[in-house]
Amino acid sequence: MEKKIKVGRLFRSMPAGAKKNEDGTRNMSFSSDDPYERHFGYEVLDHSPGAVVMGRLLNKAPLLAEHDPTKQIGVIETGSIVGAKGFVDYRFGNSALAKEYEADVDDEIRTHVSVGYIVHEMELKEKAEEGPDTYLVTKWEPLEVSFVSIA
């Protein structure tokens, strides 16, 4: 009998590497296929065509501070999947908090981002003899990207 795992909304973090473009937007990676340890085992996000539901992200998704929906510091302008990574172009807002975050990113104080997403489909990729199993998330939907203090 196959084990059902309820995962709900998840978060995954990585170094920001926020690069500024000529038009004032910035570019950074928000996801990869690196294994990520969860309570149910290792999770791998599939980045193959059709695996990432990009609709919300491409519809001016929020750039948040610490995954707090009351602290929007910017907006996602566009996004793409290149190889096994997700990338976004974003811009900071004009609020005092947004300006604070922008300055900290420029000064390389805030260097980590995290993506909030929903898992729609997941399958067992590798059953471990010992230790945690590995699951491949075959369909997932990014909701927002956040600058975070703890990766």
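What counts as what
- Residues numbered from 1 in each chain as written.
- Predicted model: local features only at pLDDT ≥ 70, side-chain atom pairs only at ≥ 80, totals over all residues.
- Heavy atoms only, no water.
- Buried < 20%, exposed > 50% of the residue type's maximum accessible area, 1.4 Å probe, protein only.
- Helix = DSSP H or I, 4+ residues; strand = E, 2+ residues; numbered from the N terminus.
- Arc of directions from axis to C-beta.
- Salt bridge = Lys/Arg side-chain N within 4 Å of Asp/Glu carboxyl O.
- Phe/Tyr/Trp six-rings, centres within 6.5 Å; stacked < 30°, edge-to-face > 60°.
- Lys NZ or Arg CZ within 6 Å of the ring centre and 35° of its normal.
- Core = buried A, V, L, I, M, F, W, Y, C linked by side-chain atoms within 4.5 Å.
- pLDDT = per-residue confidence, 0-100.

Attention now moves to helix α1 (residues 96–106). Listed in full, the buried residues belonging to α1 are Ala98, Tyr101, Glu102 and Val105. Projected down its long axis, α1 shows its buried positions confined to an angular sector of 100 degrees, all on one face. Of the residues trailing α1, glutamate 108 is marked for its positive phi of about 60 degrees.

Side chains that carry opposite charge are capable of pairing whenever their charged atoms lie near each other. A full pass over the atoms with the stated rule returns 11 salt bridges. Among the ionic pairs, arginine 26 bridges to aspartate 106, the shortest N-O distance being 2.8 Å. With arginine 26 in strand β3 (residues 26–32) and aspartate 106 in helix α1, this residue pair connects regions lying 80 residues apart in the sequence. Judged by relative accessible area, which is 46%, aspartate 106 ranks as partly exposed. Beyond isolated ion pairs, a larger network of salt bridges with shared partners links Arg26, Lys99, Glu102 and Asp106.

Under the definition given, this model contains five aromatic pairs. Judged by centre distance (6.0 Å) and plane angle (65 degrees), the ring pair of tyrosine 90 and phenylalanine 147 falls under edge-to-face. Placement of the pair is tyrosine 90 in strand β8 (residues 85–92) and phenylalanine 147 in strand β10 (residues 134–148), with a sequence separation of 57 residues. The exposure class assigned to phenylalanine 147 is buried, which follows from its relative accessible area of 0%. A centroid spacing of 5.4 Å and a plane angle of 70 degrees characterise the contact between tyrosine 117 and tryptophan 140, whose relative ring orientation is edge-to-face. Here tryptophan 140 lies in strand β10 and tyrosine 117 lies in strand β9 (residues 112–126), a separation of 23 residues in the sequence. You can call tyrosine 117 buried: its relative accessible area is 0%. Grouping aromatic residues by their ring pairs yields a cluster made of Tyr90, Phe92 and Phe147. Against the face of tyrosine 101 rests arginine 110, its NZ or CZ located 3.9 Å from the ring centre.

Bringing the nonpolar core into the picture now. In terms of nonpolar packing, the biggest core is built from 25 residues, with Tyr90 and Phe147 touching the most fellow members. Elements with a minimum of two residues in this core: β3, β6 (62–65), β7 (68–82), β8, α1, β9 and β10.

Attention shifts here to the confidence of the model for the protein. Mean pLDDT over the protein stands at 89; residues scoring 70 or higher make up 87%. Mean pLDDT per element in the protein: strand β1 (residues 9–15) is the minimum at 52, and β6 is the maximum at 98.

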